[in-house]
Amino acid sequence: MSTLKMAIQKSGRLNQDSLKIIKDCGISIDNGKDQLKASASNFPLEVFYLRNGDIPQYLRDGVVDVAIIGENVLIEKGQDIDFVERLGFSKCKVSLAVPKNEIYTDMSYFEGKKIATSYPNTVQKYLNAASVSTNVHLINGSVEIAPNIGLADGICDIVSSGSTLFKNNLKEVEVLLKSEAVLAVSPRISVETQKVLDKLQFRIQSVLKGRN
Ligand code: PRP
Ligand code: MG
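Residues numbered from 1 in each chain as written. Chains lettered and ligands numbered in written order. Predicted model: local features only at pLDDT ≥ 70, side-chain atom pairs only at ≥ 80, totals over all residues.

Rules: UniProt positions are given in the numbering used here, feature names are shortened, and annotations may be inferred rather than shown by experiment.
Looking up the protein in an unreviewed UniProt entry gives the name ATP phosphoribosyltransferase, with the organism given as Asprobacillus argus. The annotation that UniProt attaches to the protein under Subcellular location (unreviewed entry) is "Cytoplasm".

See below:
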């Protein structure tokens, strides 16, 4: 039987819940913390620990067959990649926020301004739809600090509990999308490997049913 190669987030919010759902499927993987790759002992599965933002390209290239990834990352970097299952965890929003003392009425606020974000494509699409012309500045982490250090007028990033916005004196003004973890599939998965995926997906569906 062929082995299913799965990418999960190396560190960050999805990592623990991704490992948990694999475990709940009855699959034991050797979880050596520093390893970037681990094999299951009782299922034809190999797990690769990768950076979130790299995962869409690995799927596209067929380096991995499936991935547990935030839908927000697929929308930003992998519109061409399908997912077969919503996994019900890591729910979040991707939102625009501005300093909390600003008076905000609508998107025209951002005309001629600067937005810092890790989601440039998602932001640009939203700006285009609103016919607003804004400078979009890419930063890869700690985005919420940008307005406080004079780097941008507003930010666009993930909002989960809202505590990062709160701590940085920002307020959410537009919700661009809602997201959760999904099981995404490489367009290059082989027929043989697809059979292994079908087995895994069946187990995942049972686990999700049990959780509801
Ligand atoms: C993520 C995200 C937001 C924050 C949202 O950052 O980029 O900043 O979590 O969560 P909250 O609404 O519950 O506060 P993370 O802490 O993962 O670090 P990073 O931005 O440096 O990647
Ligand atoms: Mg952050």
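## Focus on the pairing of strand 4 (residues 66-70)
Using the following cut-off: Buried residues are those with 20 or more other C-beta atoms within 10 Å of their own C-beta, exposed residues have 12 or fewer, and partly exposed residues lie in between; C-beta atoms are placed from the backbone. A run of DSSP states H or I qualifies as a helix once it reaches four residues; a run of E qualifies as a strand once it reaches two. Both are numbered from the N-terminal end. By definition, two strands form a pair when at least two bridges between them are found by DSSP.
The buried fraction of strand 4 is high, at five of five residues. Note that strand 1 (residues 4-9) and strand 4 share two bridges and pair parallel. Residue pairing for strand 4: A7 is matched across the bridge by A67. Pairing of strand 4 with strand 11 (residues 181-185), which is carried by five bridges, proceeds in the antiparallel orientation. Across the sheet, A67 pairs through a bridge with A184, a residue of strand 11.

## Here's the deal with helix 1 (residues 13-24)
Put simply, the rule is: Throughout, the arc means the angular range of directions from the helix axis out to the C-beta atoms. C-beta atoms are placed from the backbone for every residue, and two residues are taken to be in contact when these atoms lie within 7 Å.
Buried residues of helix 1: L14, S18, I21 and I22, and no others. Down the axis of helix 1, the smallest arc covering the buried residues is 100 degrees, so these residues share one side. Along its buried surface, helix 1 packs onto strand 1, strand 4, strand 11 and helix 6 (191-211). Remark: G26 follows helix 1 within two positions and exhibits a positive phi of approximately 80 degrees.

## Structural notes on the site of ligand 1
Put simply, the test is: The criterion for a residue being near a molecule or strand is a backbone-placed C-beta atom within 6 Å of that molecule or strand. Side-chain classes are defined by residue name, with Ala, Val, Leu, Ile, Met, Phe, Trp, Tyr, Cys and Pro counting as nonpolar, Asp, Glu, Lys and Arg as charged, and the others, Gly among them, as polar.
In the vicinity of ligand 1 lie 13 residues, with G141, I158, S160, S161 and T164 positioned nearest. Residue assignment for the shell around ligand 1 shows that the elements contributing at least two residues are strand 9 (154-159) and helix 5 (163-167). Element by element, the count of residues in the shell around ligand 1 is highest for strand 9, at three residues. A breakdown of the residues in the shell around ligand 1 according to their chemical character gives two nonpolar, eight polar and three charged.

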